[in-house]
Amino acid sequence: MTVSVLMSLAAILSFNFFFLPPVGTFTVADPQNWVALLAFLVTSTVGSRLSSRIRQEADMANRRRREIEHLYTFSQKLLGEGNVIQLMNAIPTHIVDSFETGAASLFLADKQNTTALVRHAAVGRRATPAGLRARRAYVDAARGFCYGPVRLGMKSIGSFGISGAPLTRQTLEAVGTLLGIAIERTRAVEQLSRTEADRQSERLKSALLDSITHNSPHAAHLN
């Protein structure tokens, strides 16, 4: 705003000096020229403010677009992990790589809240333990950290912290939701794999028992 006003005043002085009689001086001889100068000042000031606002909105739109692209990259990385332990270990690294941050930390408490799983990745300052227990997304601009909860529906199952690249609250909420979905999905896939393995084991046992049952009478007959 200050720069816009200063540039507008400089433009008015130049217009007065070069175009309004007496030319070559800053004197305004005709009172009507004051109206022209005032209109010129208002127009240039409003135009400068509108131009500044448009630039700010364009910068914000570009930032949101980059964050959406980072979210997509992050979601693709989460789908590549095979089990829960690998996923837990890889999440901070995926955050650092996808959002180009300095460091990232993950905090997950167990169901009884007696132990906690904490993972860190990359260099730089790590998030504080108190911040890692965040129940809502917020940005600690003074310390260069931002935190967000890991949510599964409306339930918070943990939290994460990022340093070096402050994100918007909307992006932090989206990251937390993606983490919750990825963790639950991986657990479900593991449970399904174990269930399928148990089912195959039961089928194998049944096949072996059937084989033994059919072979036993045949062996007795031969005797």
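Along each chain, numbering runs from 1 in the same order as the chain's sequence is written. The model is predicted, so local features are restricted to residues of pLDDT at least 70 and side-chain atom pairs to those at 80 or more, both for listing and for counting; the totals for chains, interfaces and linings are taken over all residues. Each side-chain value is derived from all of the structure's non-hydrogen atoms; neither hydrogens nor water enter the calculation.

Draft legend 1. Structural detail: the overall build of the protein. Each helix is a run of H or I in the DSSP string that is no shorter than four residues. Each strand is a run of E no shorter than two, and both are numbered from the N terminus. Each helix and strand counted, the protein has four helices and five strands in total. When the helices and strands of the protein are listed from N to C terminus, the series reads α-α-α-β-β-β-β-β-α. Accessibility here uses a 1.4 Å probe with only protein chains present; expressed as a share of the type maximum, an area under 20% marks a residue as buried, one over 50% as exposed, and anything in between as partly exposed. Relative to its 223 residues, the protein shows a buried fraction of 31%. Put simply, 50% of the contacts in the protein that link residues at least 6 apart link residues at least 24 apart. Throughout, the Shrake-Rupley method with a 1.4 Å probe supplies accessible areas, and for residues the shown protein chains are the sole cover considered. For the protein, the exposed area adds up to about 14400 Å²; of that, 61% sits on carbon and sulfur atoms. By the convention used here, residues are in contact when the closest approach between their heavy atoms is within 4.5 Å.

Draft legend 2. Spotlight on the pattern of salt bridges. What makes a salt bridge here is a side-chain nitrogen of Lys or Arg within 4 Å of a carboxyl oxygen of Asp or Glu, nothing more. Applying the stated rule across the entire model yields four salt bridges. Three or more residues are tied together by salt bridges with common partners; here these are Arg63, Arg64 and Glu67.

Draft legend 3. Local environment of the packing of aromatic side chains. A pair of Phe, Tyr and Trp rings is counted when the ring centres sit within 6.5 Å of each other, with Trp represented by its six-membered ring. The angle between the planes then sorts it: under 30 degrees is stacked, over 60 is edge-to-face, the rest tilted. Here the structure, examined in full by the defined rule, presents four aromatic pairs. With a centroid separation of 6.1 Å and 40° between ring planes, the pair formed by Phe145 and Tyr147 is classed as tilted. Each member of the pair, Phe145 together with Tyr147, is buried. Aromatic ring contacts, followed pair by pair, group Tyr138, Phe145 and Tyr147 into a single cluster.

Draft legend 4. Looking closely at the environment of Ala36. Of note, Ala36 is situated in helix α2 (residues 31-78). Along the backbone, Ala36 and Leu20 are 16 residues apart, and their C-alpha atoms lie at a distance of 9.9 Å.

Draft legend 5. The environment of Phe26, seen in detail. Within the secondary structure layout, Phe26 lies in the loop between α1 (2-19) and α2. Classification of Phe26 by relative accessible area gives exposed; the value is 51%. Those residues in contact with Phe26 that lie beyond four places of it in its chain are Leu13, Asn16 and Phe17.

Draft legend 6. The arrangement of the packing of α2 against helix α3 (residues 84-99) in detail. Fitted lines through C-alpha atoms serve as axes, helices being fitted only where they are in contact, and the angles separating the N-to-C directions of these axes extend from 0 to 180 degrees. Here α2 crosses α3 at 155°, and the two axes come no closer than 9 Å. As the angle between them shows, α2 and α3 are arranged roughly antiparallel. Viewed along their axes, α2 and α3 form a crossing whose handedness is right-handed. Facing α2, whose interface residues are Glu67, His70, Leu71, Thr73, Phe74, Lys77 and Leu78, α3 presents Leu87, Ile91, His94, Ile95, Asp97, Ser98 and Phe99. In these notes the angle categories are as follows: under 35 degrees is roughly parallel, over 145 is roughly antiparallel, 65 to 115 is roughly perpendicular, and the rest is oblique. By definition, turning the near helix anticlockwise from the far helix through less than a right angle yields a left-handed crossing, and turning it clockwise yields a right-handed one.

Draft legend 7. Representation of α2 in the model. To estimate how far a helix should reach, multiply one less than its number of residues by 1.5 Å. Its 48 residues place the ends of α2 71 Å apart at the C-alpha level, agreeing with the 70 Å of an ideal helix rising 1.5 Å per residue. Within the sequence span of α2, burial applies to Asn33, Leu37, Ser44, Thr45, Glu67, His70, Leu71, Phe74, Ser75 and Leu78.

Draft legend 8. Fine view of α3. Relative to the 22 Å expected for 16 residues at 1.5 Å per residue, α3 spans 22 Å between its end C-alpha atoms, a close match to the ideal helical length. What we call the bend at a residue is the angle made by axes fitted to the seven residues finishing there and the seven residues starting there. Roughly 40° is the biggest bend found in α3, and it falls at Ala90, with proline Pro92 one to four residues downstream. If you check which residues of α3 are buried, you get Val84, Leu87, Met88, Ala90, Ile91, Pro92, His94, Ile95, Val96, Ser98 and Phe99. Definition of a polar contact: a pair of N or O atoms within 3.5 Å, with one able to donate and the other able to accept a hydrogen when the atoms are protein atoms, and with sequence-neighbouring residues admitted only if both atoms are side-chain atoms. Its side-chain oxygen placed 3.2 Å from the backbone nitrogen of Ile85, Asn83 serves as the N-cap of α3. Just past α3, the residue Glu100 takes up positive phi, approximately 55°.

Draft legend 9. Expanded view of a nonpolar patch on the surface. Taken together, the side chains of Leu38, Val42, Val46 and Leu50 define a hydrophobic patch exposed on the protein surface, amounting to about 350 Å² of accessible area. With respect to the secondary-structure elements, Leu38 resides in helix α2. For Leu38, a relative accessible area of 53% corresponds to the exposed category. Here the term patch refers to residues with relative accessible area over 30% and no salt bridge, with like charges joined within 9 Å and nonpolar side chains (Val, Leu, Ile, Met, Phe, Trp, Tyr) within 5 Å.

Draft legend 10. Expanded view of the pairing of strand β4 (residues 145-152). Here β4 lies mainly inside the structure; seven of its eight residues are buried. For strand β3 (residues 138-140) and β4, the ladder comprises three bridges, and the chain directions are antiparallel. Within the sheet, the bridge partner assigned to Asp140 lies in β4 and is Phe145. If DSSP finds at least two bridges between two strands, the strands pair. Counting the residues that bridge the hairpin from β3 to β4 gives four residues, and of these Gly144 lies at a positive phi of roughly 75°.

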